[in-house]
Amino acid sequence: MQRLAQLAQQPSRRIIGLMSGTSLDGLDVALCHLHGHGLATRLELEHFATVPYDEETRRRIRQVFAREQVSLEYLTLLHAWLGRFHAELVLGCLREWQVAPAEVDLLASHGQTVYHAPAHQHQHPDFPGLNATLQLGDADHMAVGTGIITLSDFRQKHIAAGGEGAPLAAYGDYLLLGSSTEERLLLNLGGIANFTYLPRTGPDATAAFSTDTGPGNTLLDAVVRQHFFHLAYDEDGLLAAAGAVHAGLLAELLAHPFFGAPLPRTTGPELFGTVYLQAAQAHTGTTQLSVEDLLATLVELSAAGVAQAARQALGEQPALAVYLSGGGAHNPALRAALQRHLPACCFATTADLGVLPDAKEAILFALLANEAVAGQPISIGTGRQCVPAVRMGKISLPD
Ligand SMILES: Nc1ncnc2c1ncn2[C@@H]1O[C@H](COP(=O)(O)OP(=O)(O)OP(=O)(O)O)[C@@H](O)[C@H]1O
Ligand SMILES: CC(=O)N[C@H]1[C@@H]2OC[C@@H](O2)[C@@H](O)[C@@H]1O[C@H](C)C(=O)O
């Protein structure tokens, strides 16, 4: 506890942010040097790696991932195993970077989301109105395994304080990437796509907010895996670019009530999975569509979801600077579709703001840990769109 109090007083902290998202591609490990806190935060990314998951790790996570019913024994074992596994991956990165664990002040571990259940999505009669979410990878195992104080499970406090547990990006985006001269949309194209809107203001956080917009890469990856066993995704969007959008299927997919629901909304592969896609294909007689046409339609869906949420928040013709991050930022087909759907916007990546696009989410959790230990909670946004003023993350000590 003394060590924590001392960390809070330090002018700067070295924090490793860890994120393993819905794509199950691997663990993002970002060693950040954070100076100060709040709006005065300055961040240096010292090292970054995505440690890819092997097929066996993916298989284990998929045993429970986004499934309504699973083996409770398997879930219990996976929680402990992932904690140990993530600790080993962190130690592996530190060895490679020649950084001793004792030189790192904190780990900020997001964990692996295995089920996200906002009230609008589960509608379980026993739990009306209850938002819930579950991230695995127990942080006591990580703290003991690495010897580093670990903060984890950031989403529960957000739910306890009235949110849906996601997206949390608004907090870090606001602290790190706001501008007094430019109105910005920070668009992360992960398995699920989400954006943070940052108005052209200084310290006023009331109009900032973030929301999920629908699928990013999750359906694209699922279709690719189904058709090509050896591929994880449509590299550079080449297959999608060779196909044509099927207007009927796209309209059916977009008819889901998620796309008209009030902002902010959160979602996951529990909704945007193969059941949703197969139902829409069956309904429109498109089960025999070529893989290229199917991918072209799904790229269009991801872009249309983003544009729909942007119009809902910002009016019919949003005209602002959009900064991309996440794996989908590497997909030219998706970028072209976004530009078509939001013609008045100017597109770049967060690299232009000094933040490595693939590292952004891991960095955000390092920032949340920094705020939990050294900051003063602030609220971002107002009303339903508010990220309440709370410290997020639970503390696991190594001893
Ligand atoms: N060169 C590329 N071409 C096309 N798609 C790519 C490329 N590189 C990465 N991707 C896509 O990005 C995905 C990984 O994205 P990312 O790591 O941002 O997801 P995530 O963090 O798991 O998602 P989430 O933010 O929803 O939790 C891959 O599965 C793939 O679909
Ligand atoms: C429940 C959960 O893990 N949600 C993730 C997921 O991945 C993208 C999108 O869905 C976003 O809502 C969130 O992650 C980011 C980091 C967030 O909370 O801002």
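Looking up the protein chain in an unreviewed UniProt entry gives the name Anhydro-N-acetylmuramic acid kinase, with the organism given as Hymenobacter amundsenii. UniProt's Function (unreviewed entry) comment on the protein chain is quoted here verbatim: "Catalyzes the specific phosphorylation of 1,6-anhydro-N-acetylmuramic acid (anhMurNAc) with the simultaneous cleavage of the 1,6-anhydro ring, generating MurNAc-6-P. Is required for the utilization of anhMurNAc either imported from the medium or derived from its own cell wall murein, and thus plays a role in cell wall recycling." Recorded under Sequence similarities (unreviewed entry), the UniProt text for the protein chain is reproduced unchanged: "Belongs to the anhydro-N-acetylmuramic acid kinase family."

(A) Spotlight on unusual backbone geometry. With an omega dihedral of -20°, the bond running from Ala166 to Pro167 counts as a cis peptide bond. With respect to the helices, strands and loops of the structure, Pro167 is situated in the loop between α6 (155-160) and α7 (169-177). Its identity is not glycine, yet Gln98 carries a phi of approximately 55°, on the positive side. With respect to the element layout, Gln98 can be found in the loop between α3 (72-97) and β4 (106-117). For Asp236, which is not a glycine, the phi torsion comes out positive at approximately 60°.

(B) Spatial organisation of the pattern of salt bridges. Counting across every chain of the model gives 11 salt bridges. Across the pair Glu56 and Arg60 runs a salt bridge whose closest N-O atoms are separated by 2.8 Å. Note that Glu56 and Arg60 are positioned in helix α2 (residues 55-62) at a spacing of four residues, about one turn of the helix. You can call Arg60 partly exposed: its relative accessible area is 26%. Among the salt bridges present, the one from Arg184 reaches Glu182, with a minimum N-O distance of 2.7 Å. Residue class for Arg184 comes out buried when judged on its relative accessible area of 11%. The class for Glu182 is partly exposed, based on a relative accessible area of 25%. Ionic contacts of the salt-bridge type, sharing partners, join the residues Arg14, Glu46 and Glu103 into one network.

(C) Quick look at the pairing of strand β11 (residues 346-349). Where strand β10 (residues 321-325) lies against β11, four bridges are found, and the strand directions are parallel. Counted as the bridge partner of Tyr323 is Ala348 from β11. Handedness of the crossover is the feature at issue here: the chain leaves β10, passes through helix α13 (residues 332-341), returns alongside β11, and the resulting connection is right-handed.

(D) Broad picture of the site of ligand 2. For ligand 2, the set of nearby residues contains 14 residues, the closest of which are Thr113, Arg155, Leu168, Ala169 and Asp212. In the model, an oxygen atom of ligand 2 is placed 2.6 Å from a nitrogen or oxygen of the Thr113 side chain. Only β4, β8 (192-198) and α14 (360-374) provide two or more residues apiece to the shell around ligand 2. Considering each element in turn, the shell around ligand 2 owes the most residues, three residues, to β4. Its residues placed into classes, the shell around ligand 2 shows six nonpolar, five polar and three charged.

(E) Main features of the sheet that holds β8. One open sheet holds the five strands; their spatial order is β9-β8-β7-β10-β11, and the pairing between them is mixed. Looking along the sheet, the strands with just one partner apiece sit at the ends: β9 (209-215) and β11. Shown here is a sheet whose adjacent strand axes are inclined to one another by a mean of 25°, direction ignored. Sheet topology places strand β7 (residues 184-189) next to β10; five bridges connect them, and they run parallel. Residue Leu185 lies in a different strand from β10, and its bridge partner there is Val322.

(F) Just the nonpolar core, in detail. Among the nonpolar cores identified, the biggest contains 47 residues, and Leu187, Leu253, Leu295, Leu298, Leu301, Leu324 and Leu338 are the most heavily contacted of them. At 11 residues, the largest contribution of residues to this core is made by helix α12 (residues 291-314). Each residue touching Leu295, except ones within four places of it in the same chain, is listed here: Leu220, Val223, Val224, Asp234, Leu239 and Ala240. Of all hydrophobic cores here, the second largest spans 42 residues; its members include Leu4, Tyr171, Tyr174 and Leu368.

(G) Examining the domain arrangement of the protein chain more closely. The domains assigned to the protein chain are domain 1 (2-163 + 392-396) and domain 2 (169-353). Domain 1 and domain 2 are separated by 24 Å when their C-alpha centres are compared. With 15 residues of domain 1 at the contact, the number on the domain 2 side is 17 residues. Summing both sides of the interface, domain 1 and domain 2 together bury roughly 1,300 Å²; the carbon and sulfur share of this comes to 59%.

(H) Representation of the site of ligand 1. In the neighbourhood of ligand 1, 21 residues make up the surrounding shell, with Thr22, Ser23, Asp221, Asp236 and Gly327 lying closest. Here Asn188 contributes a side-chain N or O atom positioned 3.5 Å from an oxygen atom of ligand 1. Two domains each put at least three residues into the shell around ligand 1: domain 1 (2-163 + 392-396) and domain 2 (169-353).

(I) Local environment of the packing of aromatic side chains. According to the stated counting rule, one finds nine aromatic pairs in the structure shown. Seen in terms of ring centroids, Tyr53 and Phe85 are 6.1 Å apart; in terms of plane orientation they differ by 40°. Their pairing is tilted. You can see Tyr53 sitting in the loop between β3 (42-52) and α2 and its partner Phe85 sitting in helix α3, a full 32 residues away along the chain. Residue classification places Tyr53 among the buried residues on the basis of a relative accessible area of 3%.

(J) Structural context of the packing of helix α8 (residues 218-227) against helix α11 (residues 274-284). Following both chains from N to C, one finds α8 and α11 inclined at 80°, their axes separated by 10 Å at the closest point. By the criterion of interaxial angle, the relationship of α8 to α11 is roughly perpendicular. Every residue of α11 that contacts α8 at Leu219, Ala222, Val223 and Gln226 is listed here: Thr274, Tyr276, Leu277 and Gln278.

Rules behind the numbers
Note that residues are indexed from 1 along each chain, following the sequence as it is written. A letter from A marks each chain and a number from 1 marks each ligand, given out in the order of writing. Where local features are concerned, this predicted model is filtered to residues with pLDDT of at least 70; where side-chain atom pairs are given and counted, the filter is 80 or more; whole-chain, interface and lining totals use all residues. Heavy atoms throughout the structure, all of them, feed into the side-chain values; hydrogens and water do not. UniProt positions are given in the numbering used here, feature names are shortened, and annotations may be inferred rather than shown by experiment. What counts as a helix is a DSSP run of H or I of at least four residues, what counts as a strand is a run of E of at least two, and both are numbered from the N terminus. What counts as a salt bridge is simple: a side-chain nitrogen of Lys or Arg found within 4 Å of a carboxyl oxygen of Asp or Glu. Note on classification: 1.4 Å probe, protein chains only; a residue is buried when its accessible area is under 20% of the maximum for its type, exposed when over 50%, partly exposed between these limits. By definition, two strands form a pair when at least two bridges between them are found by DSSP. Looking down the strands as they point away from you, a crossover is right-handed if its path from the first strand over the helix to the second goes clockwise. One heavy atom within 4 Å of a molecule or strand makes the whole residue count as near it. Pairs of N or O atoms within 3.5 Å make up the polar contacts considered here, provided that, within protein, one atom can donate a hydrogen while the other can accept it, and that residues adjacent in sequence are counted only when both atoms are side-chain atoms. Each residue is assigned to one class: nonpolar for Ala, Val, Leu, Ile, Met, Phe, Trp, Tyr, Cys and Pro, charged for Asp, Glu, Lys and Arg, and polar for all the others, Gly among them. A fitted line through C-alpha atoms serves as each axis, taken over the contacting stretch for helices, and the angle formed by two N-to-C directions is quoted from 0 to 180°. Only buried residues count toward a nonpolar core, which is a set of Ala, Val, Leu, Ile, Met, Phe, Trp, Tyr and Cys residues joined through side-chain atoms within 4.5 Å. Working rule for contacts: check all heavy atoms of both residues, and any pair within 4.5 Å makes them a contact. An automatic or database domain assignment supplies the start and end points of every domain. As used here, buried area is the combined drop in accessible area, with a 1.4 Å probe, of two parts when they are placed together. Pairing of aromatic rings covers Phe, Tyr and Trp, the last counted by its six-membered ring, and requires centre-to-centre distances within 6.5 Å; plane angles under 30 degrees mean stacked, over 60 mean edge-to-face, and any other angle means tilted. Angular relationships are summarised with four words: roughly parallel below 35 degrees, roughly antiparallel beyond 145, roughly perpendicular across 65 to 115, and oblique for the angles in between.

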